[in-house]
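# Fold and geometry: a report
The chain contents come next:
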Amino acid sequence: MTVEKQREVIRLWNQLRKLEGPAAEELRIQILDCFSEKDFSEQNTVKRAA
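So, a few notes on the structure that sits alongside this text. None of these values were measured; they are calculated from a predicted model. (Residues numbered from 1 in each chain as written. Predicted model: local features only at pLDDT ≥ 70, side-chain atom pairs only at ≥ 80, totals over all residues. Heavy atoms only, no water.)

### Some points on the overall build of the protein
Within the protein one finds two helices and zero strands. Burial status across the protein gives 6% buried among its 50 residues. With the model as given, the accessible surface of the protein reaches about 4,600 Å², and the carbon-plus-sulfur share is 59%. (Helix = DSSP H or I, 4+ residues; strand = E, 2+ residues; numbered from the N terminus. Buried < 20%, exposed > 50% of the residue type's maximum accessible area, 1.4 Å probe, protein only. Areas by Shrake-Rupley, 256 points an atom, 1.4 Å probe, with all protein chains shown as cover.)

Now the structure itself:
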């Protein structure tokens, strides 16, 4: 992910943090799940390469 994309994700995340309610909470959960799956697959790739 490029630095520009990372900044955009952070900007959107910060805007989302200001929202209340179950829909906002569900979006936050989905975003965190998406990033945790990405991190997990990257860690597996690094382990396999070693």
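### Focus: the environment of Val9
Take Val9: it is sitting in helix H1 (residues 3-17). Owing to a relative accessible area of 31%, Val9 belongs among the partly exposed residues under this scheme. Apart from residues no more than four positions distant in its own chain, Val9 is found in contact with Met1 and Phe35. (Contact = heavy atoms within 4.5 Å.)

### A short note on a nonpolar patch on the surface
Together, Met1, Val9, Leu27, Ile31 and Phe35 make up an exposed nonpolar region whose accessible area comes to about 390 Å². The element contributing the most residues to the nonpolar patch is helix H2 (residues 22-49), with three residues. Mapped onto the secondary structure, Phe35 falls in helix H2. (Patch = residues over 30% accessible without salt bridge, like charges linked within 9 Å, V, L, I, M, F, W, Y side chains within 5 Å. Salt bridge = Lys/Arg side-chain N within 4 Å of Asp/Glu carboxyl O.)

### Examining the pattern of salt bridges
Applying the stated criterion to the full structure yields two salt bridges. Residue Arg11 pairs with Glu8 through a salt bridge whose shortest N-O separation is 2.7 Å. Highlighted residues: Arg11 and Glu8, both in helix H1, separated by three residues, approximately one helical turn. With its nearest N and O atoms 3.0 Å apart, the salt bridge here joins Arg28 to Glu25. Note that Arg28 and Glu25 are positioned in helix H2 at a spacing of three residues, about one turn of the helix. Looking at Arg28, the relative accessible area reads 15%, which means it is buried.

### A short note on the side chain of Arg28
Of note is the side chain of Arg28, whose polar atom sits 3.0 Å from the backbone oxygen of Leu16. When near neighbours in sequence (up to four residues on either side) are disregarded, Arg28 contacts Trp13, Leu16, Arg17 and Leu19. (Polar contact = N/O pair within 3.5 Å; in protein donor to acceptor, adjacent residues only side chain to side chain.)

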